[in-house]
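Spelled out from the first residue to the last, the chains are:
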Amino acid sequence: YVSKPIQPEKLAAAIERWAPTGKVTAALDKKVKERIPDKAVFDHGAFLNRLGGDKVLVKEILGIFRDDAHLQIKAIQEALEKGDTDLVHRQAHKLKGSSGNISATSLQDAAFQMEAAGKDGDIVLASSLYEKIEGEYEILMEAITSSVS
């Protein structure tokens with residue numbers, strides 16, 4: 001089993017467990033030379049690595065993420081205004097997943113906290129976390145802009 005977001009190293013290790021050849025991880029080890037701390041706002045290196053070094057694809061996916069995450073955050077705000085913790089839970093889960101997919105750990109963590117609050121039916125806590133999500137999104141957009149320009 002390999003959980004999302006897929007990390008090339010973990011995928012290679014899983015493949016090695018089922019079809020051991022030694023070639024998969026050896027080739028991957030040569031490509032992965034440095035790691036940025038896990039709690040980075042945006043780990044461009046990890047995201048680029050996950051996409052096999054395809055810089056064009058990175059830019060395309062980040063553009064899609066930028067628009068989609070904005071809509072997800074707006075949907076969270078609307079769910080909070082309605083007091084709909086189930087919808088808060090679902091929307092925060094989507095944001096957590098998409099943030100993780102692009103290696104945006106800080107936003108992913110904030111979305112995880114909101115997801116848990118929604119799951120627990122705690123509209124007060126979920127509402128208090130909204131500003132954190134907005135702030136992390138803004139910081140992330142600045143980090144993305146500076147890292148891909």
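That block above? That's the structure.
Rules of the game
Residues numbered from 1 in each chain as written. Predicted model: local features only at pLDDT ≥ 70, side-chain atom pairs only at ≥ 80, totals over all residues. Heavy atoms only, no water. Helix = DSSP H or I, 4+ residues; strand = E, 2+ residues; numbered from the N terminus. Expected span 1.5 Å × (residues − 1). Bend = angle between axes of the 7 residues up to and from the residue. Buried < 20%, exposed > 50% of the residue type's maximum accessible area, 1.4 Å probe, protein only. Contact = heavy atoms within 4.5 Å. Polar contact = N/O pair within 3.5 Å; in protein donor to acceptor, adjacent residues only side chain to side chain. Core = buried A, V, L, I, M, F, W, Y, C linked by side-chain atoms within 4.5 Å.

Focus: helix α7 (residues 123–148)
One turn of the α-helix equals 3.6 residues, which is why residues spaced by three or four share an orientation. The end-to-end C-alpha distance of α7, which contains 26 residues, comes to 36 Å, matching closely the 38 Å that a straight helix rising 1.5 Å per residue would cover. By the largest-angle criterion, L129 marks the main kink of α7, which is about 30 degrees. The set of residues buried in α7 consists of A126, L129, Y130, I133, E136, Y137, L140, M141, I144 and V148. Its buried side turned inward, α7 meets α3 (44–50), α4 (55–82), α5 (85–101) and α6 (105–119). Measuring from the backbone nitrogen of V124 back to the side-chain oxygen at the start of α7 gives 3.3 Å, which picks out D122 as the cap.

Things to note about the environment of I102
When you line up the elements, I102 lands in the loop between α5 and α6. On the basis of relative accessible area, I102 is assigned to the buried category, the value being 2%. With 97 residues separating them along the chain, I102 and P5 place their C-alpha atoms 8.2 Å apart. The contact partners of I102, leaving out residues within four places of it in the chain, are F42, F47, R50, I61, L62, F65, L140 and I144.

Let's talk about the nonpolar core
Counting residues in hydrophobic clusters, the biggest one holds 30 residues, and the most contacted among them are L62, L95, I102, M114, I133, L140 and I144. For this core, the elements supplying multiple residues, two or more each, are α3, α4, α5, α6 and α7. If one sorts the elements of this core by residue count, α7 sits on top with nine residues. If we skip the residues at most four places from it in the chain, I144 touches F42, L62, R66 and I102.

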